[in-house]
Amino acid sequence: MDGFAAVDFGFAREVLQRGIAALYLVAFVSTLNQFRALLGDNGLLPAPVLLDWIGEKRERRRMLHPTLFVRIGYSDRRLALLCGAGIVVSALLVIGVPQWGPPWVPMLCFLGLWLGYMSVVSIGQTFYSFGWEMLLLEAGFLAAFLGSNDQPAPTVVIVLFWWLLFRVEFGAGMIKIRGGQEWRDLTALTYHHETQPMPGPLSRQAHLLPRWFHRGEVVGNHFAQLVVPFFVFAPLLSVWVPGPVPQIVGAVAAVIVIATQVWLVATGNFAWLNWVTIVIAFSAIGMPGVGAPVADRTDPDESLWPGIPLYWFVITTAVGILVVALSWPALRNLFARRQLMNASFNRWQIGNAYGAFGTVTKERIEIVVEGSVDDDGLLWREYEFKGKPGDVRRIPRQFAPYHLRLDWLMWFLPLGRSLDDWFTVFLLRLLEADAPTLALLRSDPFDGEQPRWVRAVSYRYRFATRAERRADGVVWVRTRQRIVLGPLGLRWGGWQPSLCSASVPALAPPSPSPPSPPPPPRSHLSGRRTALREEVSR
């Protein structure tokens, strides 16, 4: 580093800009594929209902983070156009096209992604209440000020990425050490690989490793999250300490963080959380001469460093001051007795607090959704989800960094005191054989035909032992617990379908029947930063 210019961090900037843009690409593709069925005009928690409620009183607008849809209104078509624009801009940044222009060009591109995706997250309710949403937003905002290819990366912005990495890692470490006893007695990962929200193809193998290995995992996790993050700031010492030692120390710290995140990627499906942490960790890896500026197109009289315009120095310095000021609550939170996880302290989601898995569940309970076409409901068939466990012979797939939002929320259902509002609407959509809802699933056992009844049944799942795997060819062993809800069927009042239990005769629907309206707004902001959701980010 040389004052304002992080001359040895050109490669780090390349990874940051392209990597964050790639994750925005995944986020917009995920939204394009799932948002309309989950939150669209006829979704499980319709965004227009939320926006109508917000619009009833002006003071309610501050309950939402900034979103374009407050001003332009929501429609499924506008959502698709926003996602399409986000995909195009993200792809251009991954390729590196805007980076060949002046620094304000990639700045506008990243700020567009940031505002566009924030517009989605703000109305995403419980389906978008995960910690990695705000992490991607904050990373995208910072990436806007990394500059372009013909100048060094600004030191202040690189340091802000270190500060972001520190909050992610140290915050998660503090949450764990203050959380469940299993993190202090080193038994947390004895359970975690089996009970995590959405296991991956290697999760079972990780779970079956010896207990001493799992204890070593916890020790390594504590070291990587409570000790290592302080050393990512070591390259700052190169301003006063000659030689490569400060940068080497910072790079080693970054590699340790990356290695732990790669292990999490290999053994689970945590959307893009681990991936964005890996990308951010590259900010601490300085490589002299790699990714250096390719040209100097700036008048020396208008720059403080060759290739750095004076206006860019002013902008990035102002951003540094802004982020430091907004980070004060997050800094206090790191050392607070009642530490918050995945909390935003301002409407723009900058300077957030992060954390994950303060406690680890000891057993895995799955809600299995079944349907029947029989009037008497004697024969039941299961709906298969794409990611969550179902068929005991099916090996879990790797989906991350793609986010299967419905599958993730299905994991939370058994942990709550009551079933969420969206789940009741989900069962209604299954009874209607709603095509967009069925597209969120791996398979429909009735091939588009409307079932007569649906119900939710709880099962306890555990990974099969090696002997059970050899004998029966199963990945999971499950034990039925109880019927959680149902059987439920369709009841028609006028033109509007609703649910009835099996003890109430269901009425045949009139023909033809118009599309059903969205459900009433029983819980406009349900799930935003709930205690259960805060337990999961990593």
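Nothing here was measured: the structure is a model prediction, and the numbers come from that model.

Comments concerning the overall build of the protein chain
For step 1, the next point in the chain: Regarding its fold elements, the protein chain presents 20 helices and 11 strands.
For step 2, the next point in the chain: Considering the protein chain as a whole, with its 538 residues, one finds that 56% of them fall into the buried category.
For step 3, the next point in the chain: In the protein chain, 75% of the contacts between residues at least 6 apart in sequence involve partners at least 24 apart.
For step 4, the next point in the chain: Here the protein chain displays about 21,900 Å² of accessible surface, and carbon together with sulfur accounts for 63% of that area.

Considerations on the confidence of the model for the protein chain
Interpretation of the predicted coordinates at a detailed level should be avoided for regions scoring low in pLDDT.
For step 1, the next point in the chain: Per-residue pLDDT for the protein chain has a mean of 90; in total, 88% of the residues score no lower than 70.
For step 2, the next point in the chain: For residues 504-538, every residue scores under 50 in pLDDT, and the model assigns this stretch 105 contacts once sequence neighbours within four places are set aside.

Focus: the nonpolar core
For step 1, the next point in the chain: Grouped together as the largest cluster of nonpolar side chains are 129 residues, with contacts concentrated most on Tyr117, Phe161, Trp422, Phe423 and Phe426.
For step 2, the next point in the chain: When residues of this core are assigned to their parent elements, the largest contribution, 13 residues, is made by helix H1 (residues 10-39).
For step 3, the next point in the chain: Once you skip the residues sitting within four places of it in the chain, Phe423 turns out to touch Ile367, Val369, Met410, Leu413, Ala456 and Leu485.
For step 4, the next point in the chain: One finds Val368, Val392, Phe463 and Trp476 within the second-largest nonpolar core, a separate group that totals 10 residues.

Points about the side chain of His193
For step 1, the next point in the chain: Along the polypeptide, His193 turns up in helix H9 (residues 188-195).
For step 2, the next point in the chain: Of the residues examined, His193 reaches a relative accessible area of 2% and is grouped as buried.
For step 3, the next point in the chain: Once you skip the residues sitting within four places of it in the chain, His193 turns out to touch Pro199, Ser203, Ala206, His207, His214, Glu217, Trp263, Thr267 and Phe463.

Some thoughts on a nonpolar patch on the surface
For step 1, the next point in the chain: On the surface, a cluster of nonpolar side chains totalling about 340 Å² of accessible area is made up of Leu68, Ile72, Leu115 and Trp348.
For step 2, the next point in the chain: Mapped onto the elements of the fold, Ile72 is located in helix H3 (residues 69-72).

Some words on the packing of H1 against helix H13 (residues 273-281)
For step 1, the next point in the chain: For the pair H1 and H13, the least separation of the axes is 9 Å and the interaxial angle reads 165 degrees. With respect to their mutual orientation, H1 and H13 come out roughly antiparallel. Viewed along their axes, H1 and H13 form a crossing whose handedness is left-handed. Between H1 and H13, the contacting residues are Val15, Leu16, Gly19, Ile20 and Leu23 on the first element and Trp275, Val276, Val279 and Ile280 on the second.
For step 2, the next point in the chain: Residues of the contact of H1 with H13, tallied by class, amount to 8 nonpolar, 1 polar and no charged.

Describing the packing of helix H7 (residues 155-178) against helix H11 (residues 211-226)
For step 1, the next point in the chain: At a closest axis distance of 7 Å, the pairing of H7 and H11 adopts a crossing angle of 135 degrees. With respect to each other, H7 and H11 are oriented oblique. In the crossing of H7 with H11, the sense of the turn from one axis to the other is left-handed. For the pair H7 and H11, the contacting residues are Glu169, Phe170, Ala172, Gly173, Met174, Lys176 and Ile177 in the first and Asn221, His222, Ala224, Gln225 and Leu226 in the second.
For step 2, the next point in the chain: Of the residues assigned to the contact of H7 with H11, the class counts are 6 nonpolar, 4 polar and 2 charged.

Some thoughts on the pairing of strand E9 (residues 453-463)
For step 1, the next point in the chain: Across the 11 residues of E9, 9 count as buried, placing the element largely inside the fold.
For step 2, the next point in the chain: Direction of pairing for strand E5 (residues 364-372) relative to E9: antiparallel, over a ladder of 9 bridges. Bridged to Val369 within E9 is Ala456.

Conventions used here
Residues numbered from 1 in each chain as written. Predicted model: local features only at pLDDT ≥ 70, side-chain atom pairs only at ≥ 80, totals over all residues. Heavy atoms only, no water. Helix = DSSP H or I, 4+ residues; strand = E, 2+ residues; numbered from the N terminus. Buried < 20%, exposed > 50% of the residue type's maximum accessible area, 1.4 Å probe, protein only. Contact = heavy atoms within 4.5 Å. Areas by Shrake-Rupley, 256 points an atom, 1.4 Å probe, with all protein chains shown as cover. pLDDT = per-residue confidence, 0-100. Core = buried A, V, L, I, M, F, W, Y, C linked by side-chain atoms within 4.5 Å. Patch = residues over 30% accessible without salt bridge, like charges linked within 9 Å, V, L, I, M, F, W, Y side chains within 5 Å. Salt bridge = Lys/Arg side-chain N within 4 Å of Asp/Glu carboxyl O. Axes fitted to C-alpha atoms, helices over the stretch in contact; angles between N-to-C directions. Parallel < 35°, antiparallel > 145°, perpendicular 65-115°, else oblique. Left-handed = near helix turned anticlockwise from the far one by under 90°. Nonpolar A, V, L, I, M, F, W, Y, C, P; charged D, E, K, R; others polar. Pairing = 2+ DSSP bridges.

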